[in-house]
Amino acid sequence: MEAFKGKYERTSADNYDELLKVLDVNFLMRKAATVSTPVMEVTEEGGSWNIKTSTTLKNMELKFKLGEPFDETTPDGRAVTAVVTFEDGKLVTVQKAKKDGEKSTKSTREMSSPDEMVYTITVDGSDVVCVQKFKRI
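Conventions and cut-offs
- Throughout this description, residue numbers start from 1 for each chain and increase along the sequence as written.
- This being a predicted model, a pLDDT of at least 70 is required before a residue's local features are given, and a value of 80 or more before pairs of side-chain atoms are given or counted; all residues contribute to the totals for chains, interfaces and linings.
- Each side-chain value is derived from all of the structure's non-hydrogen atoms; neither hydrogens nor water enter the calculation.
- Salt bridges are defined by distance alone: a side-chain nitrogen of Lys or Arg within 4 Å of a carboxyl oxygen of Asp or Glu.
- Starting at the N terminus, helices and strands are each numbered in turn, a helix being any DSSP run of H or I of at least four residues and a strand any DSSP run of E of at least two.
- Burial status follows relative accessibility: with a 1.4 Å probe on protein chains alone, a residue under 20% of its type maximum counts as buried, one over 50% as exposed, and anything between as partly exposed.
- At least two DSSP bridges between two strands are needed for those strands to be called paired.
- Points on a 1 Å grid over protein atoms alone make up a cavity when a 1.4 Å probe fits among them but cannot get out, and a pocket when they form an open set with protein on both sides within 12 Å along at least five of seven lines; lining residues each have an atom within 4 Å of a point.
- Grid points are joined across faces, edges and corners, and a volume is the space filled by probe spheres set on the points.
- Think of it as three bins: nonpolar holds Ala, Val, Leu, Ile, Met, Phe, Trp, Tyr, Cys and Pro, charged holds Asp, Glu, Lys and Arg, and polar takes everything else, Gly as well.
- To get an axis, a line is fitted to the C-alpha atoms, and for a helix only the part in contact is used. The angle between two axes follows their N-to-C directions and goes from 0 to 180 degrees.
- Here is the rule: rings of Phe, Tyr and Trp (six-membered ring for Trp) pair when centre to centre is within 6.5 Å. Planes less than 30 degrees apart are stacked, more than 60 are edge-to-face, and the remainder are tilted.
- Whether a charge sits over a ring comes down to the Lys NZ or Arg CZ being within 6 Å of the ring centre and within 35 degrees of the ring normal.

### A short note on the pattern of salt bridges
- Counted by the stated rule, this structure contains ten salt bridges.
- For Asp24, the salt bridge goes to Lys103, with nearest N and O atoms at 3.6 Å. Here the residue Asp24 occupies a position in the loop between helix H1 (16–22) and helix H2 (27–35), and Lys103 occupies one in the loop between strand E7 (90–97) and strand E8 (105–113), the gap between them amounting to 79 residues.
- Relative accessible area serves as the criterion here: at 60%, Asp24 is assigned to the exposed category.

Next up, the structure:
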C-alpha cells in the first residue's frame, strides 16, 4: 500500500470518452474531461486513505478506510455505495448505484512500476474498459 502514496499526472486515457458515454455524461462534460490533465494525489493517515484528483475544472476526493462501505456522489452525479479493498496488490473500488437505471462501476489502481499507476474502470453491463495511466511527479 505504501507504494501507492504520492502525486501523479495522467499520461494517457484509452476509451475514456466511450466510458463517459456509457455513464450518460453529456457532450460538453465529456469533452472537458477528456482534454484535461488531472493530477492525482494519494495519501494515508491513521488508516484513512484519500485520493484527491484535481483538474482545472473540478476537484474530487475519495476518502475511505479499506473494507468499510461509504456513501459517495460520483463526479458524474450518481449516488452510490462504495467500498475500497486491497486485493492482489491492487486498490479495488466497487461503486453500486443506489437508484434503479443508474450504472455501477468497478475500478482498479495498480502500480505497473515504481513510477506508474494504471487505473482501469469498467461499468456493469458494458464491455467498455477504460485504462488511464498516471506517472509519478
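Still more ground to cover, so stick around.
### So, the pairing of E7
- Of the pairings in the sheet, the one linking strand E6 (residues 79–87) to E7 comprises eight bridges and is antiparallel in character. Across the sheet, the residue bridging to Thr85 is Val92, located in E7.
- The antiparallel pairing of E6 with E7 creates a hairpin that spans two residues between the two strands, and Asp88 there sits at a positive phi of about 50 degrees.
- Sheet analysis places E7 next to E8, joined by six bridges and oriented antiparallel. Of the residues in E8, the one forming a bridge with Val92 is Thr108.

### Structural notes on the layout of surface pockets
- For the largest pocket, the calculated volume is near 960 Å³.
- Surrounding the largest pocket, 40 residues form its lining, Tyr16, Leu20, Met60, Pro75 and Asp76 being those nearest its centre.
- Among the residues making up the lining of the largest pocket, the classes are represented as 18 nonpolar, twelve polar and ten charged.

### A closer look at the sheet that holds strand E1 (residues 6–14)
- The ten strands are arranged E4-E3-E2-E1-E10-E9-E8-E7-E6-E5 in an open sheet whose pairing can be described as antiparallel. With partners counted over all chains shown, the strands left at the sheet margins are strand E4 (59–64) and strand E5 (70–73), one partner each. For this sheet, the mean angle separating the axes of adjacent strands, direction not counted, is 25 degrees.
- Bridge count between E8 and strand E9 (residues 116–123): eight bridges; the pairing is antiparallel. Residue pairing across strands places Arg109 opposite Tyr119, the latter belonging to E9.

### So, unusual backbone geometry
- In this model, Asn15 sits at a positive phi of 65 degrees, which is unusual for a non-glycine residue.
- Position of Asn15 relative to the elements: it lies in the loop between E1 and H1.
- Although it is not a glycine, Asp24 sits at a positive phi angle of roughly 65 degrees.

### Topic: the packing of aromatic side chains
- Throughout the structure, instances matching the rule amount to two aromatic pairs.
- Aromatic side chains Phe4 and Phe86 sit 6.1 Å apart centroid to centroid with 85 degrees between the ring planes, which places their arrangement in the edge-to-face category. Placement of Phe4 in the segment before E1 and of Phe86 in strand E6 is noted, with a sequence separation of 82 residues between them.
- Judged by relative accessible area, Phe4 falls into the buried class, the value being 3%.
- Residue placement shows Arg109 over the ring face of Tyr119; its charged tip is 4.2 Å from the ring centre.

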